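Topology and contacts: notes
What follows is each chain in one-letter form.
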Amino acid sequence: MPPDTLTPRDPRCEFLVTPLGVGEPCPRLSWKLESTERGAVPSASRVVVRADESSEAGWDTGWIAGHDRTSVAYAGPALRSDTRYHWEVGLRDAAGDDAGRARSWFETGVLSPAEWRAVWIARDTRTLPPIPVPQDHDRSLRCEYLPPPLQLRRTFTAGDVRRARVHVTARGVYRLRLNGVRVGRDELTPGWTDYAHRIQYQTYDVTDLLAEGDNVLGATVADGWWSGFVGMDARHQAQQYGTAPQFLAQLVLDRADGVREVIGTDGGWRERQGRIRYADLLMGQQDDARLDTPGWDRPGFDDSAWPFAVVAGTDTTTLTATGDEPVRVTAELPARSVVQRPEGFLVDLGQNIAGRVRLTVRGAVPGQRIRLRHGELLADDGSLYTENLRSAEATDIYYATGADEEVFEPEFTTHGFRYVEVAGYPGELRADDVTGVVLHSDTTFVGEFGCDDDLVTRLQANIRWGQRGNFVSVPTDCPQRDERLGWLADAQIFAPTACLNADCAAFFARWMRDVVSGQDAGGAFPDVAPKVCGCLDREGAPAWGDGGVLIPWHLYRTYGDRRVLDLSFGAMCAWVDHVHRHNPDLVWRHRRGNDYGDWLQVDAATPPEVLATAYFARSARTVSAAATALERPEITAHYARLAAEIGSAFVEEFVGDDGHVHGGTQTGQLLALAFGLLPDRLVDAVFGHLVRSVEERGNRLTTGFVGVALLCPTLAGHGRADLAHALLAQTAYPSWGYSVVNGATTIWERWDAWTADRGTQSAAMNSFNHYALGSVGEWLYTGVAGLDQAPGSVAWREAVVRPRVGGALTRASAEYDSVRGRFASRWQVDGDTFTLDVTVPPGAEATVYVPTADPDSVRESGDVLDDAPHVRGVERTGEEQVCHVGSGHYRFTASVRH
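The text that follows walks through the structure, step by step, so that each part is easy to find. Keep in mind the model is a prediction, meaning the values are calculated, not measured. (Residues numbered from 1 in each chain as written. Predicted model: local features only at pLDDT ≥ 70, side-chain atom pairs only at ≥ 80, totals over all residues. Heavy atoms only, no water.)

So, on to the overall build of the chain. Within the chain one finds 14 helices and 49 strands. Taken against the 2.2 N^0.38 rule, which gives 29 Å for 898 residues, the C-alpha radius of gyration of the chain at 29 Å falls within 12% of a compact globule. Seen through its C-alpha atoms, the chain measures out along the principal axes to roughly 85 × 70 × 55 Å. Looking at the 898 residues of the chain, the share that counts as buried comes to 61%. When contacts within the chain are restricted to residue pairs at least 6 apart in sequence, those whose partners lie at least 24 apart make up 74%. For the chain, the exposed surface amounts to about 32,500 Å²; the carbon and sulfur share of it is 48%. Positive and negative charge centroids in the chain, built from 89 and 122 side chains respectively, lie 2 Å apart. (Helix = DSSP H or I, 4+ residues; strand = E, 2+ residues; numbered from the N terminus. Rg over C-alpha atoms; globule rule 2.2 N^0.38 Å. Buried < 20%, exposed > 50% of the residue type's maximum accessible area, 1.4 Å probe, protein only. Contact = heavy atoms within 4.5 Å. Areas by Shrake-Rupley, 256 points an atom, 1.4 Å probe, with all protein chains shown as cover. Lys, Arg positive; Asp, Glu negative; His and termini not counted. Charge placed at Lys NZ, Arg CZ, Asp CG, Glu CD.)

With that settled, consider the sheet that holds strand β39 (residues 787–789). Pairing between the strands of a sheet is mediated by backbone hydrogen bonds and can be parallel or antiparallel. Taken together, five strands build an open sheet; the order of strands is β39-β40-β44-β48-β47 and the sheet is mixed. The open sheet is flanked by β39 and β47 (871–877), the only strands paired with a single partner. Recorded for the sheet is a direction-independent mean angle of 20 degrees between the axes of neighbouring strands. Direction of pairing for β47 relative to strand β48 (residues 880–885): antiparallel, over a ladder of five bridges. Across the sheet, T877 pairs through a bridge with E880, a residue of β48. (Pairing = 2+ DSSP bridges. Axes fitted to C-alpha atoms, helices over the stretch in contact; angles between N-to-C directions.)

One finds F508 and F892 to be the most contacted residues of the largest nonpolar core, which totals 185 residues. Excluding residues that lie within four positions of it along the chain, F508 makes contacts with F471, P475, A491, A495, A498, C499, I551 and L555. Counting residues in each nonpolar core, the second largest holds 27 residues, with Y204, L210, A219 and V221 among its members. (Core = buried A, V, L, I, M, F, W, Y, C linked by side-chain atoms within 4.5 Å.)

Turning our eyes to something else, we now look at the packing of aromatic side chains. All told, the structure shown has 36 aromatic pairs when counted by the stated rule. Seen from their ring centres, F15 and Y559 are 6.2 Å apart, and the 65 degrees between their planes marks the pair as edge-to-face. With F15 in the loop between β1 (6–13) and β2 (28–35) and Y559 in helix α5 (residues 547–559), this pair connects stretches of sequence that are 544 residues apart. F15 sits in the buried class, given a relative accessible area of 13%. Every member of this aromatic cluster is reached through a ring pair, and the members are F471, F494, F507, F508, W511 and Y771. The lysine or arginine in question, R171, covers the ring of W120, its NZ or CZ lying 4.0 Å from the ring centre. R468 extends its terminal NZ or CZ atom over the ring of W465, reaching a point 4.4 Å from the ring centre. (Phe/Tyr/Trp six-rings, centres within 6.5 Å; stacked < 30°, edge-to-face > 60°. Lys NZ or Arg CZ within 6 Å of the ring centre and 35° of its normal.)

Time to look at the sheet that holds β2. With respect to topology, three strands assemble into an open sheet ordered β1-β2-β6, the strand pairing being antiparallel. Each having just a single partner strand, β1 and β6 (71–73) make up the two edges of the open sheet. Going across the sheet, the axis of each strand differs from the next one's by a mean of 20 degrees, ignoring polarity. Sheet topology note: the β2/β6 ladder contains three bridges and is antiparallel. Residue pairing across strands places R28 opposite A73, the latter belonging to β6.

Quick look at helix α9 (residues 666–674) now. When you tally the buried positions in α9, you get eight out of nine residues, the bulk of the element. Of all the positions in α9, only Q666, T667, G668, Q669, L670, L671, A672 and L673 are classed as buried. Buried residues along α9 sit against α7 (608–629), α8 (633–654), α10 (680–696) and α11 (705–717). Directly beyond the C-terminal end of α9, a positive phi value near 65 degrees is found at G676.

Turning our attention to the side chain of T622. Its place among the elements puts T622 in helix α7. Note on T622: relative accessible area 8%, which makes it buried. Beyond its immediate sequence surroundings of up to four residues, T622 is in contact with V549, L550 and W553.

Turning next to unusual backbone geometry. Here the bond from A529 into P530 is cis, since omega is -5 degrees, no more than 30 degrees from zero. Look at the link from Y733 to P734: it is a cis peptide, with omega at -5 degrees. With respect to the secondary-structure elements, P734 resides in the loop between α12 (721–729) and α13 (736–741). Even without a glycine there, the phi angle at S473 is positive, about 75 degrees. Relative to the helices and strands, S473 resides in the loop between β35 (471–472) and β36 (474–475). In this structure, W796 takes a positive phi of about 60 degrees despite not being glycine. Within the fold, W796 resides in the loop between β39 and β40 (798–801).

As for its placement among the helices and strands, D93 is situated in the loop between β7 (84–92) and β8 (98–107). Accessibility expressed as a relative area gives 3% for D93, which makes it buried. Spatially, the C-alpha atom of D93 lies 41 Å from that of S619, the residues being 526 residues apart in sequence.

Okay, the pairing of strand β16 (residues 213–222) next. Burial within β16 is extensive, with eight of its ten residues counted as buried. Strand direction decides the pairing type here: strand β10 (residues 150–158) and β16, joined by nine bridges, are antiparallel. Bridging from a neighbouring strand, A158 pairs with G213 of β16. Bridge count between strand β12 (residues 173–178) and β16: six bridges; the pairing is antiparallel. Paired with L176 across the bridge in β16 is A219.

Let us look at α8. Its 22 residues place the ends of α8 31 Å apart at the C-alpha level, agreeing with the 32 Å of an ideal helix rising 1.5 Å per residue. Taken residue by residue, α8 has T636, Y639, L642, A643, I646, G647, A649, F650, V651 and F654 as its buried positions. In this fold, the buried residues of α8 make contact with α6 (562–582), α7, α9 and α10. (Expected span 1.5 Å × (residues − 1).)

This paragraph deals with the pattern of salt bridges. This model, assessed by the stated rule, comprises 77 salt bridges. One salt bridge in this structure joins R126 and D124, with 2.9 Å as the shortest N-O distance. The class for R126 is exposed, based on a relative accessible area of 70%. Across the salt bridge formed by E421 and R373, the nearest N and O atoms sit 3.0 Å from each other. Residue E421 is found in strand β32 (residues 415–423), and its partner R373 is found in strand β27 (residues 369–375); the two are separated by 48 residues along the sequence. Since its relative accessible area comes to 2%, E421 is described here as buried. Classification of R373 as partly exposed rests on a relative accessible area of 23%. (Salt bridge = Lys/Arg side-chain N within 4 Å of Asp/Glu carboxyl O.)

So, about the environment of L728. Topologically, L728 is positioned in helix α12. With 501 residues separating them along the chain, L728 and S227 place their C-alpha atoms 44 Å apart.

Bringing the packing of α7 against α8 into the picture now. Interaxial distance between α7 and α8 falls to 8 Å at its minimum, and their mutual angle equals 160 degrees. Looking at the two axes, α7 sits roughly antiparallel to α8. Once α7 is placed against α8, the crossing between them reads as left-handed. Facing E609, V610, T613, A614, F616, A617, A620, R621, V623, S624, A627 and T628 of α7, the residues of α8 in contact are I635, T636, Y639, A640, L642, A643, I646, G647, F650 and F654. Residues of the contact of α7 with α8, tallied by class, amount to 15 nonpolar, five polar and two charged. (Parallel < 35°, antiparallel > 145°, perpendicular 65-115°, else oblique. Left-handed = near helix turned anticlockwise from the far one by under 90°. Nonpolar A, V, L, I, M, F, W, Y, C, P; charged D, E, K, R; others polar.)

Here's what the structure looks like:
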């Protein structure tokens, strides 16, 4: 067999491609599989790891028999810090012959806290002028005393360096420069973590930026999440972690003679204010280009008048290597239109984003003040609407130098916006003078959904843009107003959709450490992570705290990430025990935190104890399943019994013999059905109530954040895919389609964020870029296109392809590049012929459901099913033909009726 018919691809370390600065002592190495032939399956795999300077294998797994392996944890000799390791994975095919290979590398960071030579440095506050008394000027009251960012520099000498790496972080957010060149392309580093427990550092290769002789490291450090504005509680809105930013960097130089030199931050660095007068994530950034100090980050600059920085601390125990892809610029959007108004030029990007604006300024006089305000929509009179930002000012200010052409682009803030109001601009603002710069955590998009319905296509685009806008270091609820917090319920509800759209393995695994860190001594998870002081500083509510249980389980099932499950397991148990301890009768009435219920449901009020008890049962069952995966049978049995008992208590307390669920809401019925809480005798009755509730409202929903993701899958799973399609196609309020036909380019926070009869909802809580209600995206993949993981499968070992054909759709498709390899489902109806194309990667298998009016009409690539290669176990179920297939590409055709 030629070696390219079965090959590994996309080799990764800790879910990342060629990562620099790996901090795990036993990193996981993984790969995906592909083949040009049907039925391809590896019989063995082998991983070899060697250090950069060695040609001999440092660790060799030898040939490990089995077809299911797509990852291995390093178990060789102890890794050394600041070292590149090359590794390769090889396969043997089913016949035992050598097949393809894939090669990659990773580099370690600082593996021991004792190896840090750098210390934290900060501004010497004794050199600052007195705080001015309040006065009328260009700063708002909130920004009155915001300090200028640090501007730091250090000169050092280098010669004959063959390799140079810098490990860098901040208490705040930083940008690093070496000899006048920006280091890396990451934004808002080191990102937001629970700084009391973990501060990430980044590692960069700076070898090519070094010069013989004098060199200069320069850094600018702003408040960021460390000491800037965070959250919406005015009593605790800033300085959550510290009062001023600090900086830490360690440059490691390996010389050609074998000597390693380490240069770290210390009291020898110089510091002074630069052109940035202040920078805040919520309020915005103000630059005075006249205050710029050209050459400050290059050799030869006279810094003798700059004061020395001070050593602010020496504790490096909280430093940890970056665990996921940082925030980066992922797209640039040209302005769609520019309109002149009395208050300034109004720019429309045509898309709601999270990010910033790059503005080209021409013909300004020195000191000319240009103001940029950002907003998501326009008011009724056509002006910029900003009331829903609450205390977030989202305003950037630029003072020009007076050059013929200059460019302003803030570095240390981010806004959620579609429209920009530019005031004070000299002359005529052209569309090509304004660029929207999109920022988000650089998770690779691995899923694609498509169909021939423009409404659904635009809905999917809105879901993806909502994911982009709210995956900014943490999974936030919104990117525009004074909140931007990592709400656990929003994340756990949207995680299945998010993970089908993008590779979120490292992103969520890193964030889960903050979720666990936020757990209190009694076992209660918080509502948000990283945890913040203020009104949210209390135990998690039902569905919110349960995110600490459900997310690591989803990560395990999706990515086979046993490590995150193991790290979270104790906290998962503690959460269920916390609820049980305060509710021994198994109905969750007590200690429900802020108790948001089915947040933002419409014309319905699901009783909070119904929702809470359903989630109590689901979390107990999930902990039992996790214990099974971690091979802890006694714990499995305990929580399985508890889950069954909670389910019985739920039915006894809330479900009548006629199938009426207490409260009578769609969400209450969905929770009972989707969470498996009902005895068989009540399932049809409860489902009947759900169907009537939807139909009596004219095929409209009432579900809020908690119920919305369950709606279409539950309807389709119980035989009413037609009703699920009707909801998907609905454009009357409330529906997903209502926002689409009314111009939404992201998912709204609430169904009534804007309505034709009432306009915008209360500005107190009205975001136009949330993702929770976009959790229907999961059903677009798994229901409409029909591509899903089998219930008992882990890491997509077994798939289910079951298209739910219906509505006005005549074709739909989904592709998903899983941790195992690429799956695809593509169907279309042409007259009376249904065609389904299925792709399954090597080592996996799928159960395929082919809808048909005539089972004898089903063919695979022209063959009757009994003769089709690698199609087995054919059976008939209702109006579907069921086939079990191995890896490869298959084309099924069948006759269908209309």
